[in-house]
Amino acid sequence: MKKVIGAVLAASLVAGMAFADVAVTLNARLRSNMYHTAKKNGGATYTSLFDLDGGKYIPDDTFGSDTDTTADAFKHGGSGSMSDTLAFKASSEYAGVVLEAAPTKDTLNTDTSYSGWLKFGALKFTFGTFDSRFVNRYNKTAGESGLLDSDDIAKYGTALLSADSKNVIKDANNFATVNGSKVESLVADYTVDAGDGQLLLKAGLLSNAYKNPEAGDTDKSYTRAGYAFEADYQCDAANVQALVKLPKEKVTVFGVYADVKALPLPLAFGFTYGKDNNDYAVGSTDGVKGTAYAVDARVGYQVSDELNVASVIKYESIKPDGGKTDTALTVAAEVSYIVNDLATVFADVGYYNYNLGGEDAYAKKSVIKFRPGVVLTAGKDARVTAALQYDSWSGDGRTLNNEMSIPVIFRVKM
C-alpha cells in the first residue's frame, strides 16, 4: 500500500510540475585537513594527520572536552564536516517554490531554507526562510574557503565583535534575518520604473519575540514578529540598498549599501548602524544595551584575463551603555592567477585586530593569516583545492600562539 501511495504522490508531483520550470541541484564537498598543528598559549601542542572530518573532534582536555563530537570545534583553513547544498526550485510566471538544505553525514536538516513566492503583476510576496541580499558582497574566492569568503569578513556588519548577543547588525543587509540568522519571514515587494532604472520597495514581518508582556501584567498581549523596510534602486551605474529593521522592541538597525558598476573594477561598500535601548539584567544572553556600527569596503581589480586581485576592509565598533567602546579592524586580500585549464594558483592574506583599543570586554589581540594554494579543475564545477594556512597570534587574551594546516577540499556541483 505504501508503494502505491508513493507512486501516486510522485505522479502527482510530476503532473503538477508539467507547466513549471524545475531545477534540481546537488553539491558535495569533502573539507578534509591532511595536516593540522596548533600551539596553545602556555606550551601545549596539538597535531593531527589525515582528518577527513576536518576538525570534527576536540583532541583532549588541554584544548577542550574530547566528548564534544558534534561541534566543528577544531576546524581550520576552511576544513570541517562534509557538507554542501541540495536545492530544488520550481517556478512559473506567477509563482515559485525553493527548498535548499545543507546535508551533512550527521543530519539532513542543517541550515535548511524553505520558501515560496507569488506575484500579482508588479507586487510579489515571498514567504519562508531565505536569504535576501540586494548588494553584491564580492566574497567569491579563487579556491574553496578563501579568507574573503569566511564568516569573519564576508558579511556586512559586525564580525569580530559578534560574540554573544552583540550581533544585531551581523549580516544586516540580509533582509530576512534577525541577528544574522534566517527566520520565518513574510515579505512584500513592489517594483516600479524610476528614471533610467528600477525602484524596488519592500516591507516584511520577521518572526521574532518583538514584545512580551511584562511581569505582573494581568492581560497577556504578545507581538510575535519584528518589522523590516527596504528601498533598492538598480541602474546601469550602480545598485543601492537602504533598509531599516525593527526586530525587537526598542531595537533599530539601519544600513546603506552600494555596488558601483560604472567603474572598470568591482567596488562595493556599506554602512550599518544598530541601537538596542532595552534594559537587560547583568549577564543576560537576550541582549546588551548600547550601539554598534560597521563600515565595509570591497574592491577588486581584473589585471588581465588570468590575473585578479580582490580585497575587503571592515571596521566595526560596539559601545555598551555606560561601558567602554570596543573597536575592531579586518583587512584581507587575494591574488589569483589562472595558469591553464587545469590549475589556478592563489594567495590570501588577512589581518584581524579584535580590539584596537584593548578595552575590558575584548582583550587586545590580533592575528595575521596567510593562505597560499592551488585549484585543480577536472571540468566544469568539479575541482580540488589544496592550501596551506598559517595563523600567527599576538597580544593579550589569546588562546593560541600559532596554528597551521593543509586543508584539501574536494567539491562537485551538479
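Our subject is the structure listed above.
Source: prediction; values computed, not measured.

In this sheet, strand β18 (residues 343-353) lies alongside strand β17 (residues 326-338) in antiparallel orientation, the contact comprising ten bridges. Within β18, the residue paired with S336 across the bridge is F346. Hairpin remark: β17 followed by β18, antiparallel, with four residues in the connecting loop. Sheet analysis places β18 next to strand β19 (residues 365-379), joined by eleven bridges and oriented antiparallel. Following the sheet pairing, G350 is matched in β19 by K369.

Mapped onto the elements, K155 comes out in the loop between β6 (123-129) and β7 (177-178). With near-sequence residues (within four places) excluded, K155 lies in contact with R133, R137, D171, D296, R298 and K314.

In this section: the pattern of salt bridges. Tallied over the full model, the rule gives eleven salt bridges. When the shortest N-O distance is used, the salt bridge between D131 and K182 registers 3.9 Å. Of the two residues, D131 sits in the loop between β6 and β7 while K182 sits in strand β8 (residues 181-182), which places them 51 residues apart along the sequence. Within the structure, one salt-bridge network assembled from shared partners comprises R29, E144, R383 and R411.

With that settled, the discussion passes to the nonpolar core. Where a protein is soluble and globular, its nonpolar side chains tend to be buried together. Core analysis: the largest hydrophobic core is formed by 30 residues, its most contacted members being I169, Y257, Y352 and Y354. Breaking this core down by element, the ones donating at least two residues are β13 (251-260), β15 (290-302), β16 (307-320) and β17. F130, F175, V183 and L206 belong to the second-largest nonpolar core, a separate cluster that totals eight residues.

The rules behind each value
What you see as residue numbers is a count from 1 along each chain, following the sequence as written. It should be noted that, the model being predicted, local features are given only for residues of pLDDT at least 70 and side-chain atom pairs only at 80 or more, the latter also being counted only at that level, while totals for whole chains, interfaces and linings use all residues. Only heavy atoms go into the side-chain values, all of them from the structure, while hydrogens and water stay out. A pair of strands is treated as paired once DSSP finds two or more bridges between them. Helical segments are the DSSP runs of H or I of at least four residues, strand segments are the runs of E of at least two, and each set is numbered from the N terminus. Contacts: residue pairs with any heavy atoms within 4.5 Å of one another. Here, a salt bridge means any side-chain nitrogen of Lys or Arg that lies within 4 Å of a carboxyl oxygen of Asp or Glu. Residues belong to one nonpolar core when they are buried, are Ala, Val, Leu, Ile, Met, Phe, Trp, Tyr or Cys, and are joined through side-chain atoms within 4.5 Å. Summary of the burial criterion: residues with accessible area below 20% of their type's maximum are buried, those above 50% are exposed, and those between are partly exposed, where the area comes from a 1.4 Å probe applied to protein chains only.

By themselves, these are just geometric observations and shouldn't be taken as functional.
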